[in-house]
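Remarks on the overall topology
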Amino acid sequence: SQVLRCARTVGEFVDPATYMPLLLPSARGEAEEESTARRCGTLHVLAATVGGCSPSWLQPQLPAVTFALNGEAVWESRDPQLSSSLARCAAAVARACGARLREEEREQLLA
């Protein structure tokens, strides 16, 4: 829980362009020997950072975020923990963006 509070604080004060390149490959499962537990942890951290981020900062990152959360490697997983983490992360992105989230992005996130 302290890690997630820290991640939320990072989201409040650090431009997402700085940390998205670090988090998104792991969220997509692209890192070598990526375990489900690590991917879930990454999705929790991503959700927390997004939760602290202003919509105007997050807007330029939305295409990359929706691509990462909508990838086949993520959605095709049969792991309930990964599916739950993904759903929470997608919901956090949708909440953080609010009205700035275009309909097509909302559909991709919440499909």
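Here the structure is a predicted model, which is why all the values come from computation and not from measurement.

This part is about the nonpolar core. In this structure, Met20, Leu43, Leu46, Val50, Leu58, Leu69 and Val93 are the most contacted members of the largest nonpolar core, which totals 24 residues. Those elements that place two or more of their residues in this core are helix H2 (16-28), helix H3 (36-52), helix H5 (62-69) and helix H7 (80-97). Broken down by element, the residue count for this core peaks at 8 residues, all from H7. With sequence-adjacent residues up to four places away left out, Val50 is seen in contact with Met20, Leu58, Ala92, Val93 and Ala96.

Moving on: H2. A rise of 1.5 Å per residue sets the reference length of H2, with its 13 residues, at 18 Å; its end C-alpha atoms lie 17 Å apart and thus fit the reference within 8%. Maximum bend of H2: about 30°, positioned at Leu22, with proline Pro25 one to four residues after it. The N-capping residue of H2, defined by a side-chain oxygen 3.0 Å from the backbone nitrogen of Ala17, is Asp15.

Turning our attention to H5. Taken as a whole, H5 has its buried residues at Leu62, Val65, Thr66, Ala68 and Leu69. Buried residues in H5, looked at end-on, bunch into an arc of 160°, giving them a common side.

Thresholds, definitions, all that
- Residues numbered from 1 in each chain as written.
- Predicted model: local features only at pLDDT ≥ 70, side-chain atom pairs only at ≥ 80, totals over all residues.
- Heavy atoms only, no water.
- Core = buried A, V, L, I, M, F, W, Y, C linked by side-chain atoms within 4.5 Å.
- Buried < 20%, exposed > 50% of the residue type's maximum accessible area, 1.4 Å probe, protein only.
- Helix = DSSP H or I, 4+ residues; strand = E, 2+ residues; numbered from the N terminus.
- Contact = heavy atoms within 4.5 Å.
- Expected span 1.5 Å × (residues − 1).
- Bend = angle between axes of the 7 residues up to and from the residue.
- Polar contact = N/O pair within 3.5 Å; in protein donor to acceptor, adjacent residues only side chain to side chain.
- Arc of directions from axis to C-beta.

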